[in-house]
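Single-letter residue listing:
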Amino acid sequence: MEEPEVRGTLDRLTRFSLLQSASGSGTLVPASPELGLLPLLQRLEADLDERRAGLSRDRAVLTALTSEYTSRRVRNDVEGVQRLVGLDSVRCHLAQLAQEATSEVRAFMPGPALSQAALDASRPLDIQNLARGIRMQTVYLETVRKDPATVEYATWFAGQGGQTRTMPSLPMRLILCDRSVAVLPVSPDASQEGAFVIRLTSIVTALNLLFDLTWERATPLGESCTPVSDGPSEREVALLRMLEEGHTDEVIARKLGVSIRTVRRLMADLLKTLNAASRFQAGVQASRRGWI
């Protein structure tokens, strides 16, 4: 060993009290490891005890925070109804519900067709749930039939065991899990306001019945929508009902997933079919024919 290395090593051994100076001679002699290292170990044990005490304090703080959070949530939420604030919170909770599902996940998907990125992002979770034997049913608006990305996704979804159907109109976005949990938007026209997670049996049962009735009337995406020859089409009935409810063309367009120009064209076709000169007269004629 070179002299600098020797000196450095001697300094380290002295620092750990493993070398001591012989009285009077200045010569370094070995010391008992037990006597030299025991104080160091005691200091390490003391540090460890202090860390344990700090961890216990942190756990107590966590328990207090959890209790505070739970009590505030109970005060803010009606029993059986939880409000989610913000889109990120909604998406996170939906992913959790889908992963916890044991039998089925069903959904109404109104509005325009989803983007390719959104469809691609949903595939991994869909594959995971379908592989677990979860029944998945989704109802879109009929307008998605004109969107190649959605049609391709529905074809892939069906190949994995999922089911997709369409309707001329849907009341609002709705997600049902295991017939025991329902997720509804706070505002149908403003998804950024968050959603309600509902576990009240009576409400969830009613929403499941609504889905069952809608699913029976809906058309599988792989089939064509053919109107009944001796009566109104599903879209005409939906249009008449929204007019009856007093919706503007803008709201009707959003609910049907089409442009305002398309709504006005559909309305013109409906007036022609009913031989009516105005929307009011169309409503009268539709009522006389038993359409509404």
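In what follows, the accompanying structure is described.

Conventions and cut-offs
Here the residue numbering is sequential within each chain, running from 1 through the sequence in written order. The predicted origin of the model limits local features to residues at a pLDDT of at least 70 and limits the giving and counting of side-chain atom pairs to 80 or more, whereas totals for whole chains, interfaces and linings rest on all residues. To get the side-chain values, all heavy atoms of the structure are used, and hydrogens and water are removed first. Working definition: with a 1.4 Å probe on protein chains only, accessible area under 20% of the residue-type maximum means buried, over 50% means exposed, and in between means partly exposed. Counting from the N terminus, the helices are the DSSP runs of H or I reaching at least four residues and the strands are the DSSP runs of E reaching at least two. Our arc is simply the arc of the directions from the helix axis toward the C-beta atoms. We call two residues contacting when some pair of their heavy atoms lies within 4.5 Å. Strand pairing is defined by DSSP finding a minimum of two bridges between the two strands. The axes are straight lines fitted to the C-alpha atoms, using for helices just the contacting stretch, and the angles between their N-to-C directions are given from 0 to 180°.

As for helix H10 (residues 279–288)
Buried residues of H10: Ala282, Gln285 and Ala286, and no others. Angular distribution of buried residues about the axis of H10 spans 100 degrees; they occupy a single face of the element. Projecting away from the buried face of H10 at angles above 90 degrees are the exposed residues Phe280 and Arg288. Of the surrounding elements, those touching the buried residues of H10 are helix H7 (234–244) and helix H9 (260–273).

Some words on the sheet that holds strand E5 (residues 135–141)
Taking strand neighbours across the sheet as the criterion, the eight strands line up as E3-E9-E8-E7-E4-E5-E6-E10 in an open arrangement whose pairing is mixed. The open sheet has two edge strands, strand E3 (81–84) and strand E10 (219–220), and neither has a second partner. Sheet topology places strand E7 (residues 174–177) next to strand E8 (residues 181–185); three bridges connect them, and they run antiparallel. Paired with Leu176 across the two strands is Ala182, which belongs to E8. Across the sheet, helix H3 (residues 87–100) touches E3, E7, E8 and strand E9 (195–198), and the angle it forms with E3 is around 130 degrees.

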